[in-house]
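The primary structure of each chain is shown beneath.
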Amino acid sequence: MSKNPSQSEPLEIRSYIYKGKTVYYSLSACCDKYNIVFDNNCNVLGGFTGRGDGNMIEFKDAAKNEKLSGPKKVFEIFIVIVLTGLR
């Protein structure tokens, strides 16, 4: 994880309905970082870079109702990323 917060913050966060629940896809600002999927409580469900981590192989086909998330959810997920060292 970078000590520079601007390198850790997500480029954008999109919400989806996945397996009947709202999830958030955090798009990394850089090519060598994971794009992470969080549940509504900011728990990590899986991540993608290259081939991904294998935890959510059906996500691309199963995720529906894509929406750009508002600043409150972006802030919540950014705080989780920084505090947990995910990036």
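This is a predicted model, so every value here is computed, not measured. (Residues numbered from 1 in each chain as written. Predicted model: local features only at pLDDT ≥ 70, side-chain atom pairs only at ≥ 80, totals over all residues. Heavy atoms only, no water.)

Topic: the environment of Gly20
Following the sequence through the fold, Gly20 ends up in the loop between β1 (12-18) and β2 (21-27). Assessed through its relative accessible area of 69%, Gly20 is described here as exposed. When the C-alpha positions of Gly20 and Ala63 are compared, they lie 9.3 Å apart, and in sequence the two are 43 residues distant. (Helix = DSSP H or I, 4+ residues; strand = E, 2+ residues; numbered from the N terminus. Buried < 20%, exposed > 50% of the residue type's maximum accessible area, 1.4 Å probe, protein only.)

A short note on the environment of Lys64
Residue position: Lys64 is located in strand β5 (residues 64-68). With a relative accessible area of 46%, Lys64 lands in the partly exposed category. For Lys64 and Tyr18, which are 46 residues apart along the polypeptide, the C-alpha to C-alpha distance reads 6.5 Å. Leave out the neighbours within four places in its chain, and Lys64 touches Tyr16 and Ile17. Here the side chain of Lys64 touches Asp61 through a polar contact of 2.9 Å, landing on its backbone oxygen. (Contact = heavy atoms within 4.5 Å. Polar contact = N/O pair within 3.5 Å; in protein donor to acceptor, adjacent residues only side chain to side chain.)

A look at the pairing of strand β4 (residues 44-48)
As defined by bridge partners, strand β3 (residues 35-39) adjoins β4 across four bridges and the pair is classed as antiparallel. Residue pairing for β4: Asn35 is matched across the bridge by Phe48. Hairpin connection between β3 and β4: a loop of four residues separates the two successive antiparallel strands, and Cys42 in this loop has a positive phi of roughly 65°. (Pairing = 2+ DSSP bridges.)

Describing the sheet that holds β5
With respect to topology, five strands assemble into an open sheet ordered β4-β3-β2-β1-β5, the strand pairing being antiparallel. The outermost strands of the open sheet, each flanked by one partner alone, are β4 and β5. Strand-to-strand twist of the sheet, defined as the mean angle between neighbouring strand axes without regard to direction, takes the value 25°. Pairing geometry for β2 and β3, over four bridges, is antiparallel. Counterpart to Tyr24 in the pairing with β3 is Phe38. Sheet strands in contact with helix α3 (residues 71-84) are β1, β2 and β3, and its direction is about 65° off that of β2. (Axes fitted to C-alpha atoms, helices over the stretch in contact; angles between N-to-C directions.)

Fair warning: the whole summary comes from geometry, so function is off the table for now.
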